[in-house]
Amino acid sequence: MISPSTRELQALDRAHHLHPFTDFKALGEEGSRIVTHAEGVYIHDSEGNRILDGMAGLWCVNLGYGRDELVDAATAQLRELPYYNNFFKTTHPPAVRLAEQLCRLAPAHINRVFFTGSGSEANDTVLRMVRRYWALKGKPEKHIVIARENAYHGSTVAGMSLGGMAPMHGQGGPCVPGIEHIRQPYWFGEGRFSQGRDQSPAAFGRACAQVLEQRIQALGEDNVAAFIAEPVQGAGGAIIPPQSYWPAVKAVLAKYDILLVADEVICGFGRLGEWFGSQYYGLEPDLMSIAKGLSSGYLPIGGVLVGDRVAETLIDEGGEFFHGFTYSGHPACAAVALRNLELMEAENVVARVRDELGPYLARRWAELGEHSIVGEARSLGLIGALELVADKASGERFARTLAAGNLCRDLCFQNGLVMRSVGDTMIISPPLVIRHEQIDELVALARRALDETARRLNTNTTVRETRT
Ligand SMILES: *Cc1c(COP(=O)(O)O)cnc(C)c1O
């Protein structure tokens, strides 16, 4: 029985609140889960359930819930100076100090940051900056940005245009022109059976880089400004590229003098066991988009870290850059982000993900790969995925109509675990402060949900289809 207070909130929610990425009608019929409070790696709902948050909110609550230090940083700053902007020759201490800290943590050739309110705004800023850069270099025709299918770069018009989510492109009118999409390095989904034969991950990674080169040649290198990609694709399904992929991509971009933009909104701030995913893969991006873990999600803030090559051109040759947001570098958000970075350093969070938690998760997570409906279990740092399959040997998927991923996700939630589904790929991205015994709990809860998913689907095994 649902309590009357939950019912009241659900009714108001249904009546007045349009949720992001939601089928409004379907949710209205079902009713929202109402999250009321949280601590550590657990959230609590209005019905008294405690749920292990295997997604760190939306890939962002890296230091976990209930950190008084972050709350104190926000309140102290709100008392001191709740708002002032960075337009018109002004700034304030938190924005300046945060800029300095970010540039200290970023790769050596990155020494400037432009603040935004979110990851989407960061990628809007990227698009304008790379086009502006080439225009200032006397090559305005070098304006096309190449991105990847199934990438996520945000929900503003430029963010969704850069992203490669076909359902998003299909809603709300034409995308921003001058953006092209190429194949993603998704070995399990697209690599294993490409060209009708098994292909090694290494060969597939190189083939994906060749696709980039072919597209550059087709478009003309003089027309291509930049390539944008997440080091590990997050929302697309925790897609970890084969190790051969990034070195080959780097070589192609260098050959044709095309800027590299790393969307670090998820990979940044320790998720892969380095401060930035670019450092894990040895990338030297010209620009990096950041948000999410920058403030552990306590307040909204994002930005673009700008490498010397682009920054110096914008500074020396650009004049005024007509771009910015009311909340670019908001003082309270910047103060929380600054404190978040301090705590991450004091608690050695990044090295612990690299040396202890990541390897431990990898070991425990791999055990789920043995499950009868799991075709692959993969993880890197504290991001992981499970591929649900109807047939382990062939990798044959469940029929789409069974919605196996959604079923598994709902069963996880009922059992006390947030694990997200992207199609039939189950993904996790827990807080970076998760403890070993909490990883054990996460794996046990995931296993229970897989068992239950298998039990329910096996009554239905005649309905299958091959999806490669
Ligand atoms: C979430 C996300 C974004 C968009 O960030 P918002 O703060 O939601 O606008 C952009 N890129 C990646 C990789 C993301 O995961």
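As the structure is a prediction and not an experimental result, all values here were calculated from the model.

Rules and cut-offs
- Residues numbered from 1 in each chain as written.
- Predicted model: local features only at pLDDT ≥ 70, side-chain atom pairs only at ≥ 80, totals over all residues.
- Heavy atoms only, no water.
- Disulfide = S-S within 2.5 Å.
- Buried < 20%, exposed > 50% of the residue type's maximum accessible area, 1.4 Å probe, protein only.
- 1 Å grid on protein atoms, 1.4 Å probe; cavity = no way out; pocket = protein on both sides within 12 Å on 5 of 7 lines; lining within 4 Å.
- Points joined across faces, edges and corners; volume = space filled by probe spheres on them.
- Helix = DSSP H or I, 4+ residues; strand = E, 2+ residues; numbered from the N terminus.
- Contact = heavy atoms within 4.5 Å.
- Polar contact = N/O pair within 3.5 Å; in protein donor to acceptor, adjacent residues only side chain to side chain.
- Near = heavy atom within 4 Å.
- Areas by Shrake-Rupley, 256 points an atom, 1.4 Å probe, with all protein chains shown as cover.
- Core = buried A, V, L, I, M, F, W, Y, C linked by side-chain atoms within 4.5 Å.
- Domains from an automatic or database assignment.
- Axes fitted to C-alpha atoms, helices over the stretch in contact; angles between N-to-C directions.
- Left-handed = near helix turned anticlockwise from the far one by under 90°.
- Nonpolar A, V, L, I, M, F, W, Y, C, P; charged D, E, K, R; others polar.
- Buried area = accessible area lost by both parts, 1.4 Å probe.

A. Inspection of the state of the cysteines at higher detail. For the structure shown, the criterion picks out 0 disulfides. Here cysteine 103 is not disulfide-linked; the sulfur of cysteine 333 is the nearest cysteine sulfur, at 18 Å. Given a relative accessible area of 14%, cysteine 103 falls into the buried group.

B. Fine view of the layout of surface pockets. What the second largest pocket holds in volume is close to 910 Å³. Contributing to the lining of the second largest pocket are 25 residues, with Asn86, Val113, Phe114, Phe321 and His323 lying nearest its centre. Listing elements by their share of the lining of the second largest pocket, those giving two or more residues are helix H5 (93-105), strand E4 (110-116) and helix H13 (308-317). If one sorts the elements of the lining of the second largest pocket by residue count, E4 sits on top with 4 residues.

C. Layout of the environment of aspartate 45. Following the sequence through the fold, aspartate 45 ends up in strand E2 (residues 42-45). Sequence separation between aspartate 45 and leucine 287 is 242 residues, and the spatial gap between their C-alpha atoms is 39 Å. When sequence neighbours within four positions are dropped, the list of residues in contact with aspartate 45 reads Arg33, Ile34, Val35, Thr36 and Ile51. Among the polar contacts listed, one links the side chain of aspartate 45 to the backbone nitrogen of asparagine 49, at a separation of 2.9 Å.

D. Local environment of the site of the ligand. The local shell around the ligand consists of Ser118, Gly119, Ser120, Asn123, Tyr152, His153, Gly154, Glu230, Asp263, Val265, Ile266 and Lys292. A distance of 2.9 Å separates an oxygen atom of the ligand from a polar backbone atom of glycine 119. Here an oxygen atom of the ligand and a side-chain polar atom of serine 120 are 2.5 Å apart. Taken by itself the ligand offers 380 Å² of open surface, and the protein chains cover 84% of this. Of the residues forming the shell around the ligand, the biggest block, 3 residues, is contributed by helix H6 (residues 119-136).

E. Layout of the nonpolar core. The biggest cluster of nonpolar side chains holds 68 residues, and the ones touching the most others in it are Leu98, Leu102, Phe269, Phe276, Leu305, Trp365 and Met419. Per element, the largest residue contribution to this core is 9 residues, and it comes from helix H17 (residues 436-458). Residue assignment places this core across two domains, with domain 1 (33-66 + 348-465) and domain 2 (69-346) each supplying three or more. Discounting residues that sit within four places of it in the chain, phenylalanine 276 has contacts with Leu105, Ala106, Pro107, Glu264, Cys267, Gly268, Phe269, Met288, Ile290 and Leu305. In terms of nonpolar packing, the next biggest core, distinct from the first, is built from 41 residues, Tyr65, Ala229, Tyr245 and Val252 among them.

F. Up close: the packing of helix H4 (residues 68-80) against helix H14 (residues 331-346). Direction vectors running N to C along H4 and H14 enclose 150°, while the axes themselves pass 8 Å from each other. The handedness of the crossing between H4 and H14 is right-handed. On H14, the residues that touch Glu69, Leu70, Ala73, Ala74, Gln77 and Leu78 of H4 are Pro331, Ala332, Ala335, Val336, Arg339, Asn340 and Leu343. Split into classes, the residues belonging to the contact of H4 with H14 amount to 9 nonpolar, 2 polar and 2 charged.

G. Seen up close, the domain arrangement of the protein chain. The domain boundaries assigned to the protein chain delineate domain 1 (33-66 + 348-465) and domain 2 (69-346). Averaged C-alpha coordinates put domain 1 and domain 2 at centres separated by 26 Å. In this assembly, 37 residues from domain 1 lie in contact with 34 residues from domain 2. A buried area of about 2700 Å², summed over both sides, lies between domain 1 and domain 2, and 62% of it is on carbon and sulfur atoms. Of all residues in domain 1, Trp59, Val350 and Leu380 give up the largest surface area on contact with domain 2, accounting jointly for 24% of the area buried on that side.

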